[in-house]
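Here is how the chains run, residue by residue.
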Amino acid sequence: MPSKSKSQPANNERRSQPRAPLGRMGEFFGEARFGAARVRDVSETGLCLEGPGLPQSGELSLSIPLPGRDGKLRRCRLEARVLRTEGERVHLAAKPLRPVNMLQLRDYVWRNS
């Protein structure tokens, strides 16, 4: 039986883009809430946050640190909306990204998925 790579979706999920694990703390800003949460994984079209007290619905602005090819962390800024929640995990769909952030995410995912 062939093994699934980490970038392939589970049987009950449909993803249009591969995901890469991240495991770093990111910041979020919502309608009446802000804070920090662990970013489990990212793709060009979405991400998963994990932590207590995350927004259960609505739209968020996010700032996440992504390591570049030189190893330095650079902030990637994006807007997203909550798709679904699972306990302390929140799955987000990214809104269209600025070109610089799209390239930053694409490069990170390509190198890590």
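So, here's what we can say about the structure. (Residues numbered from 1 in each chain as written. Predicted model: local features only at pLDDT ≥ 70, side-chain atom pairs only at ≥ 80, totals over all residues. Heavy atoms only, no water.)

The next thing to look at is the sheet that holds strand β5 (residues 73–86). Within the closed barrel, the six strands sit side by side as β1-β2-β3-β6-β5-β4. Their pairing is antiparallel. Looking at each pair of strands side by side, their axes are set apart by 45° on average, direction ignored. Bridging between strand β2 (residues 34–42) and strand β3 (residues 46–50) involves four bridges; their strand directions are antiparallel. Residue Asp-41 lies in a different strand from β3, and its bridge partner there is Cys-48. Running over the sheet, helix α1 (residues 99–112) touches β1 (20–29), β2, β4 (59–67) and β5 and is turned about 80° from β5. (Pairing = 2+ DSSP bridges. Helix = DSSP H or I, 4+ residues; strand = E, 2+ residues; numbered from the N terminus. Axes fitted to C-alpha atoms, helices over the stretch in contact; angles between N-to-C directions. Contact = heavy atoms within 4.5 Å.)

The tally for this structure, following the rule as stated, stands at ten salt bridges. In this structure, Arg-40 and Glu-50 form a salt bridge, with 3.5 Å as the shortest nitrogen-oxygen distance. Of the two residues, Arg-40 sits in strand β2 while Glu-50 sits in strand β3, which places them ten residues apart along the sequence. Looking at Arg-40, the relative accessible area reads 26%, which means it is partly exposed. Judged by its relative accessible area of 22%, Glu-50 is partly exposed. Note that Arg-89 is salt-bridged to Glu-50, the shortest N-O span being 3.1 Å. (Salt bridge = Lys/Arg side-chain N within 4 Å of Asp/Glu carboxyl O. Buried < 20%, exposed > 50% of the residue type's maximum accessible area, 1.4 Å probe, protein only.)

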